[in-house]
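Summary of the model geometry
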Amino acid sequence: MGSELVGVLGVGYVGLTTAACFASLGHRVVAVDVDQSKVDELGRGVVSIGEPGLDDMVRAGLAAGRLRFTTELRALADAGTVLLCLPTPMGEGGVADLGALSSALGELAPILRPGCVLVTKSTVPVGTAERIPGLLGRTDVPVVSNPEFLREGHAVHDFLHPDRIVLGSADPDARDRVRALYASLDAPVVVTGTASAELAKYASNAFLALRLSYVNVLAELCENLGADVTDVTATMGLDPRIGADFLAPGPGWGGSCLPKDTSALACIAAESGVDFALLRAAVDANAHQRERIVRKVRRAAGGSLAGARIGLLGLAFKAGTDDLRHSPALEIARELARRGAVLTGYDPGVPPSARVDPVHLVDDPVLVAKDAAAIVLLTEWPEFRDLDWAQLAEVADRRAVVDTRNLLDPDQLTGQGFSYTPLGR
């Protein structure tokens, strides 16, 4: 194992996890990125991504001599496999922006050796793998679609213990070579065409978005009917056809994947002549959910947000990560600020020195509560359950909590004199 060099292009979230994990499996890996400062830091074993276990894995790979980082694209010339882990952000109109991918292919064209397998791990529109040889200007470089299914905060675990490994290619030999990279992992392998592999990633993320939008609308219905969404979803989750995951209401879905992937899939569907009304409805429901949270905060703060000091607990899009991209917490914060609120926030994953407009970051949850007209829990960090709510009650101007994750103990809060506003209860 590890005789053939594996190249990784891009050391963002997916690329760095991929490079470090393949090195941990015994492969020789070279990871290339255009950011010199990031490459220098990684070469010293400094990992800025807040992902459990990733820093240790990077340092272990460096120490073993199986992992190195460089800005030199020529380092990929000897690679038998090159994995493309480049950003494909939401572009104009919701389509995926493939600018970074197209640019990289132009630079890779004269470098890759004949027979090198080019692997798309980035989430790309259906048909991209078929177009790559034309963009590359070469037909001697086979392409395999191998989408990633990594959850932020669990990426290392998900890579090493995957639910499935998807390999899409029209070239059986190229597909088998990529499959061999994962030989030591015990997981179902889905062998398919490139279009199916590319669509599977979008379909998976869009389905999760649909579930989340569904449960948020269900929570609103529970409030109107006097039902408890936690009891309703617990009942639903016991049905094996449904399962218990992704049935917790919240402030809306966000992050680096779901928003851009749902938008991209909607565009793909429209371009192919399919009216994916269900997906559009999920996106609309997500926007409605954030507006609904703002209304709850306004009521909790006494009816007006103009000049009201609002304390925010949590800013990342979910617990266990420092990722603020498309965070529903920040979307809600921006809307509160537009209504005149003055915002103070605390997130255990985000350093107080970070610039997160329009929120003034602090290093202590007590400072979030100080003089606050309402405290809003937006990210489900478990440690928020253990806050000294008696102390927070002493410094708050108005004892009001809006819990958008149903994380807290209502009896504990009401016992300290707080009004408590959950979701769907």
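The structure displayed is predicted, hence computed values, not measured ones.

As a further point, take the overall build of the chain. Each helix and strand counted, the chain has 15 helices and 14 strands in total. Over its C-alpha atoms the chain spans a radius of gyration of 23 Å, differing by no more than 12% from the 22 Å that the globule rule assigns to 425 residues. The principal-axis extents of the C-alpha atoms in the chain amount to approximately 70 × 50 × 40 Å. Taking the contacts inside the chain whose residues are at least 6 apart along the sequence as the reference set, 73% of them involve residues at least 24 apart. Of the accessible surface of the chain, which amounts to about 18100 Å², a share of 52% is contributed by carbon and sulfur atoms. Seen as two clouds, the 40 positive and the 53 negative side-chain charges of the chain have centres 2 Å apart.

What follows concerns the packing of helix α8 (residues 194-225) against helix α10 (residues 258-271). For the pair α8 and α10, interaxial distance at closest approach is 9 Å and the crossing angle is 115°. The orientation of α8 with respect to α10, classified from their angle, is roughly perpendicular. The hand of the α8/α10 crossing is left-handed. Across the interface between the two elements, L199, K201, Y202, A203, N205, A206, A209 and L212 of α8 pack against L258, D261, T262, A264, L265 and I268 of α10. Here the residues of the contact of α8 with α10 are counted per class, giving 10 nonpolar, two polar and two charged.

With that settled, consider the sheet that holds strand β14 (residues 419-421). Think of a sheet as strands paired side by side through backbone hydrogen bonds, with each pair either parallel or antiparallel. Taking strand neighbours across the sheet as the criterion, the six strands line up as β11-β10-β9-β12-β13-β14 in an open arrangement whose pairing is parallel. The open sheet terminates on both sides in strands that have one partner only, identified here as β11 (359-361) and β14. On average, adjacent strands in this sheet sit at an angle of 25° to one another, irrespective of strand direction. Where strand β10 (residues 342-346) lies against β11, three bridges are found, and the strand directions are parallel. Directly across from T344, in β11, lies its bridge partner H360. Sitting on the sheet, helix α11 (residues 277-300) touches β9 (309-313), β12 (374-377), β13 (400-403) and β14, and the angle it makes with β13 is about 170°.

Cut-offs applied
Residues numbered from 1 in each chain as written. Predicted model: local features only at pLDDT ≥ 70, side-chain atom pairs only at ≥ 80, totals over all residues. Heavy atoms only, no water. Helix = DSSP H or I, 4+ residues; strand = E, 2+ residues; numbered from the N terminus. Rg over C-alpha atoms; globule rule 2.2 N^0.38 Å. Contact = heavy atoms within 4.5 Å. Areas by Shrake-Rupley, 256 points an atom, 1.4 Å probe, with all protein chains shown as cover. Lys, Arg positive; Asp, Glu negative; His and termini not counted. Charge placed at Lys NZ, Arg CZ, Asp CG, Glu CD. Axes fitted to C-alpha atoms, helices over the stretch in contact; angles between N-to-C directions. Parallel < 35°, antiparallel > 145°, perpendicular 65-115°, else oblique. Left-handed = near helix turned anticlockwise from the far one by under 90°. Nonpolar A, V, L, I, M, F, W, Y, C, P; charged D, E, K, R; others polar. Pairing = 2+ DSSP bridges.

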